[in-house]
Structure formats: structure tokens, C-alpha cells
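Fold and contact review
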Amino acid sequence: MEVQKLAERLVSWLQEQVAGAGCKGVVFGLSGGIDSAVVAGLAKLAFGEEAIGIIMPCHSNPEDAEHAMLCANAFDLPVMTVDLTRTFDTLSQALPVEEDAPRMAVANIKPRLRMTTLYYYASLRQALVLGTGNRSEVTIGYFTKYGDGGVDLMPIAGLVKQQVRELAAVLGVPQEIINKAPSAGLWDGQTDENEMGLSYAELDHYILAGEADERVKSRVDHLNAISAHKRCTPPIPEL
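The rules behind the values
- Residues numbered from 1 in each chain as written.
- Predicted model: local features only at pLDDT ≥ 70, side-chain atom pairs only at ≥ 80, totals over all residues.
- Heavy atoms only, no water.
- Helix = DSSP H or I, 4+ residues; strand = E, 2+ residues; numbered from the N terminus.
- Rg over C-alpha atoms; globule rule 2.2 N^0.38 Å.
- Buried < 20%, exposed > 50% of the residue type's maximum accessible area, 1.4 Å probe, protein only.
- Arc of directions from axis to C-beta.
- Contact = heavy atoms within 4.5 Å.
- Phe/Tyr/Trp six-rings, centres within 6.5 Å; stacked < 30°, edge-to-face > 60°.
- Lys NZ or Arg CZ within 6 Å of the ring centre and 35° of its normal.
- Axes fitted to C-alpha atoms, helices over the stretch in contact; angles between N-to-C directions.
- Parallel < 35°, antiparallel > 145°, perpendicular 65-115°, else oblique.
- Left-handed = near helix turned anticlockwise from the far one by under 90°.
- Nonpolar A, V, L, I, M, F, W, Y, C, P; charged D, E, K, R; others polar.

**Digging into the overall build of the protein**
Of the regular secondary structure elements, the protein holds 12 helices and four strands. Radius of gyration (C-alpha) of the protein: 18 Å, near the 18 Å computed for a compact globule of 239 residues. Taking the principal axes of the C-alpha coordinates as reference, the protein spans close to 50 × 45 × 45 Å. With 239 residues in all, the protein has 47% of them scored as buried.

**Description of helix 11 (residues 200-209)**
Residues three or four positions apart in an α-helix share a direction because the helix packs 3.6 residues into each turn. Every buried residue of helix 11 is accounted for by Tyr200, Leu203, Asp204, Tyr206 and Ile207. Along helix 11, the residues classed as buried sweep out an arc of 165 degrees about the axis, all on the same side. Along its buried surface, helix 11 packs onto helix 7 (135-140), helix 8 (161-171), helix 10 (192-196) and helix 12 (214-226). Backbone geometry just after helix 11 places Gly210 at a positive phi near 75 degrees.

**A short note on the packing of aromatic side chains**
As enumerated under the stated definition, the model contains one aromatic pair in all. Geometrically, the ring pair formed by Tyr120 and Tyr121 is edge-to-face, given 5.2 Å between the ring centres and 75 degrees between the ring planes. A relative accessible area of 17% places Tyr121 in the buried class. When the ring centre of Phe88 is taken as origin, the NZ or CZ atom of Lys110, which lies over that ring, is 5.6 Å away.

**Remarks on the packing of helix 4 (residues 85-94) against helix 6 (residues 109-125)**
It is at 11 Å that the axes of helix 4 and helix 6 come closest, and there the two elements cross at 125 degrees. Classed by the angle they form, the pair helix 4 and helix 6 counts as oblique. Handedness of the crossing formed by helix 4 with helix 6: right-handed. Contact residues: Thr87, Phe88, Leu91 and Ser92 in helix 4; Ile109, Lys110 and Leu113 in helix 6. Looking at side-chain class alone, the contact of helix 4 with helix 6 contains four nonpolar, two polar and one charged residues.

The structure is reproduced here in C-alpha cells:
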């Protein structure tokens, strides 16, 4: 599908979904990355002033907030900032975190605090929460269950990363954001590709064409299998 037509279709889909839920607009996390920027652009086209971006720093790289504002300015997007650093610190201190605790056990607190914040604002504004995950990430479970995966609508989850980049260019996402290395911002120096153990180009090609070398195929198939529970509602036993 031609990229401009794709953007128009996604905007219409968002409007239909929100109207069907009896809501007026949407809220979403504005992280400074390309995925959230694309969602921001679509949301602004669909809902105007009823599309609200929430910037939620939490021991974050200051550049993330700068890029989030760059995106907000590019789209003339209403934004709010909620600094979750002290909240994260308080909860971390209350938990019995062992010195050898897995890094992700602590890091995943951040996206769950952010989703709690988004649902608070959604409730205030009679809005739905938009997710920013793409098809590449969803396929391998590269998201936090009940964190950035806990949303109402996922407008770009049918697009692999390269398609998101193409959509970003059409929407007018600042080039600085398009060019930056994708990162969930969970800790200093963290990048998506290092965390995944493969490149987006390799992952996208395997998803779209079904072709990959054995290393990539094995890695993707393994990640897809162990993350299946993230893509399903909780199982209920038949009694």
C-alpha cells in the first residue's frame, strides 16, 4: 500500500475505534523515539487537540525528552510532562531487590509506572491509550507485559520497523528522530538491537519474506515462542 494512503487508513481506523468506544480522544507516551513519534503524528491528524502526548522521564537520557519536545513542536501537539524518577526510586527502595537480581526485573518497573500514568490521564479525558509497539517488536515479545504492552489500541503493530520509518518520513517526523538508534531507554547505552541480538533489517526481512540465515531464524523463532503469553489474554481453565 502506498505510504500516504496507509497513513490515511490508520487515521480513519483510529477515529472509528475511539468513536466506537464512546471516547473523545487519545493519550500516549511520547518517548522521543520514532515509534512514538509516528503514533503522535497519526493521533494529531485523527484527533487534533484531543491527542495528548505524555513525556515521562525516569532516570532517562535528557536527549529523550528533548526529542519528545522536538516531535511535539513538529506536530503542534499538546503535551504534559510527569517526572516518575522519585516514584521509581521510592518503589525500588520498598522492594526486596537483591544485588544479583535480573536487570530487567527492575527496569520493567519503568514502563509499568508509565502505563499507570497514561491510564490516569485517559480516565480524566475520556480517552483511550495508544500503544507504540510495531510488528517487529510484537513478533518477538520486545515489550513489557502490562507496561508498554498494556494499551487499548496499537495503531502501528501491523508495520515492521522499516515500514514505520517510511511512514515517519511521510508524516513529517523530524529527521533527527528517524535517524537515531532505537532504544527503550531502560538504562544508559541500551539499544533495541543489542537487546534483541539481531538487527531490525534481519528481523523485518524474516517477518515479511520468511527468509533468514539459521542464526536469525533460530533467534526469532525462540523469542516468538517464549513470548507467546504476552500476546494473549490470561488463560482461563475450563471447569
